[in-house]
Amino acid sequence: MKGIEAVRAYQEELIESIPSSIIILDRGLKILYANRNYYVKSGKKEREVIGERLERVFSSMLIEKTRLDEKIRRVFDTGIPFSGDQLRYPGGLFFFYKIHPLKEVDMSLRRVMLLMEDITELTRLEEEVRDSYGKLENAYAELKEEDEVKSDFISTASHELRTPLTVINSYLEMFEDGMLGELDEKQRDKLAIMRSQTDHMIRLVEDMLDTLRLESRKFKIQKYPLKLENIAKSAVEEISKLADLKEHTMSLKTNGELHEIKGDAQRIKQVFNNLLTNAVKYTSNKGRIEVEIKEEKKHILVSISDTGMGIPEEEHEKIFEKFYTVGGKSLMRESERMGLGLTIAKGIVEAHGGRIWVKSDGEGKGSTFYFTLPKGD
Amino acid sequence: MLKLLVVDDAPHVLKALRDTLEAHGYEVHEAVNGEEAVTRYREVRPDVVLMDILMPKMDGISATRNIIDCDPDAKIIAVTAVGKRGLEKECIEAGASGFVMKPFKTKDLIDTINSLGNDERN
């Protein structure tokens, strides 16, 4: 007996102390019991509640809105618990309530329990989250739209530029080929400048489109088996004409093996071209440019080192950003290209699942660009 | 002498192409949109067509399809400033035999024209 009494005392204490309101009603919807939490939440006194009918304790508006009386009656009729609904109290309070049948020892049903939980704070948080989410969604949609407008603009501008460039390029070629009469040396000299500037403009248009493509989420690399050394060799050969003008020595170092990887040959060649062009450009005459291909555990490591002007450490990451040029303005005079070459190289390497970075001991000490490409299967 | 039909809605491009190609010994005929290209093709029966893609009235892809419909052996080279991904495939599927991006190197264009034009004569 003592044990049972103790358990009962625990139960009572438990019911009194839980942070939910509990009300017990009989079939006549008369309130038989309410726990401490209910009095705290409702501000009502025991004598205003116990023995009173539901509609005298809860406002008629609330009962009408929730059909609470009907729901309780249904639980009495069916013996099936009502699994819950939200209830809005005057003053911005939110409750979640459940109705549970309390069966007697003989299985008869004379009492039900109304359980109410204060979810005001939860509801407020939920609303806040929903609100923030909505704001985020709007901001994202706006950004996306702006981005699309920007992309469309660059795309259209590039295509529009190609048409006049076609015309200029065609007539330049006719002049160069002597189809429009013989040119004297002075004319040839100026024509060469027009040619280099036109090529520069064509390159720029291509670079702008490439940057746009690489930034697009839709961008995918078409991967086919290729031999990395062959690509490096043809890039070095191409750039050597440019390097000869500055009397650089260029070399390609491999271990004699041909490494087969999977990738887009044209794009990987673009990486070599961009890095080599930079090396030639940013190294003063009679420099040394070395390309090395090494096999490592999981990938092939390519390094392109020069004896050029070097890159201060704080710029080692920035140089891969769009239109960034080492040393800022001062170099723009020497440099013909806007800083898109490294951005494109980074985009291509990363699209292949590789990494690109630079090491340089600082100004005047040369730099080495590294990039990795995953090994073929 | 190979007979060419050059289709482009930009007058300066047409003129530049005519000047360049005539200087290289080709007979050049012109059309300024896809619709005209189809009509001119029937009249001229060129060896090779240089077809711009973005044009008013009828674009180059529809014009290519129309020409291939009436002459399945027509040799058409798409010459376009639009660098949209998948466009080359679309042109080839419409029946084009070649694809050249603007601006092009004259030598590349001429190589493409000759490879198709001479192919037809064999």
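Model, not experiment: these values are computed from the prediction.

A word on the overall build of chain A
Then step 1. What chain A contains, in helices and strands, is 12 helices and 12 strands.
Then step 2. Taken across its 377 residues, chain A has 40% of its residues classed as buried.
Then step 3. Considering only intrachain contacts with a sequence separation of at least 6, the fraction spanning at least 24 residues in chain A is 59%.

Side note on the overall build of chain B
Then step 1. From N to C terminus, chain B includes 5 helices and 5 strands.
Then step 2. Going from the N terminus to the C terminus, chain B shows its helices and strands as β-α-β-α-β-α-β-α-β-α.
Then step 3. Each of the 122 residues in chain B was classed as buried or not, and the buried ones make up 53%.
Then step 4. The contacts of chain B with a sequence gap of at least 6 include a subset with a gap of at least 24, amounting to 62%.
Then step 5. With the model as given, the accessible surface of chain B reaches about 5600 Å², and the carbon-plus-sulfur share is 48%.

Some remarks on the interface of chain A and chain B
Then step 1. Listed as interface residues are 17 residues of chain A and, on the opposing side, 20 residues of chain B.
Then step 2. By the criterion of area lost to chain B, the three top residues of chain A are Arg162, Thr166 and Tyr171 of chain A, representing 29% of everything that side buries.
Then step 3. Counting across the chain A and chain B interface gives 0 salt bridges.
Then step 4. Every element with two or more residues in the side of chain A that touches chain B is listed here: α7 (120-176) and α8 (185-215) of chain A.
Then step 5. Broken down by class, the residue content of the side of chain A that touches chain B amounts to 7 nonpolar, 6 polar and 4 charged.

Notes on the pattern of salt bridges
All names here are of chain A.
Then step 1. Inspection of the entire model under this criterion finds 35 salt bridges over all chains.
Then step 2. Here lysine 190 makes a salt bridge to aspartate 189, at a shortest N to O gap of 3.3 Å.
Then step 3. Owing to a relative accessible area of 44%, lysine 190 belongs among the partly exposed residues under this scheme.
Then step 4. One salt bridge in this structure joins aspartate 207 and arginine 203, with 3.3 Å as the shortest N-O distance. Of this pair, aspartate 207 and arginine 203 both sit in helix α8, 4 residues apart, which is roughly one turn of that helix.
Then step 5. One salt-bridge network, held together by shared partners, links Glu121, Arg124 and Glu128.

Section: the environment of glycine 353 of chain A
Then step 1. Counting through the fold element by element, glycine 353 of chain A comes out in the loop between α12 (341-351) and β11 (356-359).
Then step 2. It is 8.4 Å that separates the C-alpha atoms of glycine 353 of chain A and threonine 372 of chain A, two residues lying 19 residues apart in sequence.

Some words on the environment of leucine 109 of chain B
All names here are of chain B.
Then step 1. Mapped onto the elements, leucine 109 comes out in helix α5 (residues 106-121).
Then step 2. Relative accessible area serves as the criterion here: at 2%, leucine 109 is assigned to the buried category.
Then step 3. Between the alpha carbons of leucine 109 and leucine 21 there is a distance of 9.6 Å; along the sequence they are 88 residues apart.
Then step 4. Here leucine 109 is in contact with Leu17, Leu21, Leu50, Val79, Val100 and Phe104, once residues within four sequence places are set aside.

Here we look at unusual backbone geometry
Then step 1. Omega for the peptide link from lysine 102 of chain B to proline 103 of chain B comes to -10 degrees, which places this bond in the cis form.
Then step 2. With respect to the element layout, proline 103 of chain B can be found in the loop between β5 (98-101) and α5.
Then step 3. Backbone geometry at arginine 67 of chain A places phi at a positive 55 degrees, although glycine is not the residue there.
Then step 4. Relative to the helices and strands, arginine 67 of chain A is located in the loop between α5 (60-66) and α6 (68-78).
Then step 5. The phi dihedral of lysine 286 of chain A is positive, around 65 degrees, even though this residue is not glycine.

Overview of the confidence of the model for chain A
Then step 1. In this model, chain A carries an average pLDDT of 87, and 95% of its residues clear a pLDDT of 70 or more.
Then step 2. Scored below 50 in pLDDT, residues 329-337 of chain A makes 17 contacts in the model with residues more than four places away or belonging to other chains.

So, the sheet that holds strand β3 (residues 82-89) of chain A
All names here are of chain A.
Then step 1. Strand order across the open sheet formed by 5 strands is β2-β1-β5-β4-β3, with antiparallel pairing between neighbours. Looking at strand neighbours, the two that pair on one side only are β2 (31-34) and β3, the edges of this open sheet. Between one strand axis and the next, the sheet turns by 25 degrees as a mean value, whatever way the strands run.
Then step 2. Direction of pairing for strand β1 (residues 21-26) relative to strand β5 (residues 109-118): antiparallel, over a ladder of 6 bridges. Paired with aspartate 26 across the strands is arginine 111, a residue of β5.

Digging into helix α2 (residues 34-44) of chain B
All names here are of chain B.
Then step 1. Residues of α2 that are buried include every one of Gly34, Ala37, Val38, Tyr41 and Val44, and no others. Summarising the axial view, the buried residues of α2 lie within an arc of 150 degrees, below the 170-degree limit, and thus occupy one face. Looking at α2, the residues exposed on the side facing more than 90 degrees away from the buried face are Arg42 and Glu43.
Then step 2. For α2, the elements touching its buried residues are β1 (3-7), β2 (27-31), β3 (48-51) and α3 (60-70).

Rules of the game
Residues numbered from 1 in each chain as written. Chains lettered and ligands numbered in written order. Predicted model: local features only at pLDDT ≥ 70, side-chain atom pairs only at ≥ 80, totals over all residues. Heavy atoms only, no water. Helix = DSSP H or I, 4+ residues; strand = E, 2+ residues; numbered from the N terminus. Buried < 20%, exposed > 50% of the residue type's maximum accessible area, 1.4 Å probe, protein only. Contact = heavy atoms within 4.5 Å. Areas by Shrake-Rupley, 256 points an atom, 1.4 Å probe, with all protein chains shown as cover. Buried area = accessible area lost by both parts, 1.4 Å probe. Salt bridge = Lys/Arg side-chain N within 4 Å of Asp/Glu carboxyl O. Nonpolar A, V, L, I, M, F, W, Y, C, P; charged D, E, K, R; others polar. pLDDT = per-residue confidence, 0-100. Pairing = 2+ DSSP bridges. Axes fitted to C-alpha atoms, helices over the stretch in contact; angles between N-to-C directions. Arc of directions from axis to C-beta.

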